[in-house]
Amino acid sequence: MGVSKVSKVREWTMSPGEGLCPQRLVLEHVTSRWGVLVLLALSERSFRFSELRREIGGVSEKMLTQTLQTLERDGVVHRDAKPVIPPRVDYSLTALGREAAEQVRALAEWTERRLDAVVEARERYDEARVPGSAG
């Protein structure tokens, strides 16, 4: 028999040390609740912090700051601090970030195209679990 191959999912959950696998960590960053929205917004244009917060909506200042710092550390977001008074900071995507945003956008567009099918599946699932219903 040949050597068994470890699946990508299993590979991404295995870590030589105590931490998460590096691929899994990056995947979590770009697909997090706010990471996806930051990538989608910045794929349109660069934003100042307050503009980005308004564009995304519902994100706290703290969470947006953490998300931007994480994505900047991963090389996905570029932070451009201009030495002017008052200070001006713009956020944009790096080349790596544009590539990630394309992937995230494809998934977002899929959810938009297939939302009706998802809603129908949810309804069937919920109906089957109503007490007293057949199923």
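Residues numbered from 1 in each chain as written. Predicted model: local features only at pLDDT ≥ 70, side-chain atom pairs only at ≥ 80, totals over all residues. Heavy atoms only, no water.

**Q** Outline the pairing of strand 3 (residues 88–93), listing residues and values.
**A** Summarising the sheet, strand 1 (residues 47–48) and strand 3 pair through 2 bridges and their orientation is antiparallel. Considered in strand 3, the bridge of Arg48 is made with Asp90. Where strand 2 (residues 77–82) meets strand 3, 6 bridges bridge the pair, whose relative direction is antiparallel. Looking across to strand 3, one finds that Ala81 is bridged to Val89. (Pairing = 2+ DSSP bridges. Helix = DSSP H or I, 4+ residues; strand = E, 2+ residues; numbered from the N terminus.)

**Q** Would you mind going over the sheet that holds strand 2 in detail, with residue names and values included?
**A** Spatially, the 3 strands line up as an open sheet ordered 1-3-2, and their pairing is antiparallel. Strand pairing shows two members of the sheet lacking a second neighbour, strand 1 and strand 2, which therefore form its edges.

**Q** Before we move on, can you summarise helix 6 (residues 95–128) with the specific residues and values?
**A** Along its 34 residues, helix 6 runs 47 Å from first to last C-alpha, staying within 8% of the 50 Å computed at 1.5 Å per residue. Remark: the principal bend of helix 6, roughly 60°, maps to Arg114. Listing the buried residues of helix 6 in full gives Gly97, Ala100, Ala101 and Val104. The inward-facing, buried residues of helix 6 contact helix 2 (22–31), helix 3 (33–42) and strand 3. (Expected span 1.5 Å × (residues − 1). Bend = angle between axes of the 7 residues up to and from the residue. Buried < 20%, exposed > 50% of the residue type's maximum accessible area, 1.4 Å probe, protein only. Contact = heavy atoms within 4.5 Å.)

**Q** Let's hear about the pattern of salt bridges: which residues, and what values?
**A** For the structure shown, the criterion picks out 5 salt bridges. One salt bridge in this structure joins Arg45 and Glu51, with 3.9 Å as the shortest N-O distance. Looking at Arg45, the relative accessible area reads 42%, which means it is partly exposed. The shortest N-O distance in the salt bridge between Asp80 and Lys82 comes to 2.4 Å. When its relative accessible area of 27% is taken as the criterion, Asp80 is described as partly exposed. (Salt bridge = Lys/Arg side-chain N within 4 Å of Asp/Glu carboxyl O.)

**Q** An account of the confidence of the model for the chain is needed here, citing residue identities and associated values.
**A** Confidence along the chain averages 89 in pLDDT terms, with 82% of residues attaining 70 or more. The secondary-structure element of the chain with the lowest mean pLDDT is helix 1 (residues 8–13), recorded at 64, while strand 1 shows the highest, at 98. (pLDDT = per-residue confidence, 0-100.)

**Q** I'd love a proper account of the environment of Leu42, names of residues and values included.
**A** Following the sequence through the fold, Leu42 ends up in helix 3. Judged by relative accessible area, Leu42 falls into the buried class, the value being 5%. Separated by 52 residues in sequence, Leu42 and Thr94 place their C-alpha atoms 9.9 Å apart. Leave out the neighbours within four places in its chain, and Leu42 touches Phe47, Leu52, Val77, Tyr91, Ser92 and Leu93.

**Q** Give me the lowdown on the packing of helix 3 against helix 4 (residues 49–56), citing residues and values where you can.
**A** As a packed pair, helix 3 and helix 4 sit with axes 10 Å apart at the nearest point and diverge in direction by 110°. By the angle between their directions, the pair helix 3 and helix 4 is classed as roughly perpendicular. Seen along the crossing, helix 3 lies across helix 4 with a hand that is right-handed. Contacts between helix 3 and helix 4 involve Trp34, Leu37, Val38, Ala41 and Leu42 from the first element and Leu52, Glu55 and Ile56 from the second. Of the residues that constitute the contact of helix 3 with helix 4, the class distribution is 7 nonpolar, no polar and 1 charged. (Axes fitted to C-alpha atoms, helices over the stretch in contact; angles between N-to-C directions. Parallel < 35°, antiparallel > 145°, perpendicular 65-115°, else oblique. Left-handed = near helix turned anticlockwise from the far one by under 90°. Nonpolar A, V, L, I, M, F, W, Y, C, P; charged D, E, K, R; others polar.)

**Q** Kindly report on the packing of aromatic side chains, identifying the contributing residues and their values.
**A** Taken as a whole, this structure holds 0 aromatic pairs when the rule is applied. A cation sits over an aromatic face here: Arg45 above Phe47, 3.9 Å from the ring centre. Over the ring of Tyr125 we find Arg129; its NZ or CZ atom is 3.9 Å from the centre of that ring. (Phe/Tyr/Trp six-rings, centres within 6.5 Å; stacked < 30°, edge-to-face > 60°. Lys NZ or Arg CZ within 6 Å of the ring centre and 35° of its normal.)

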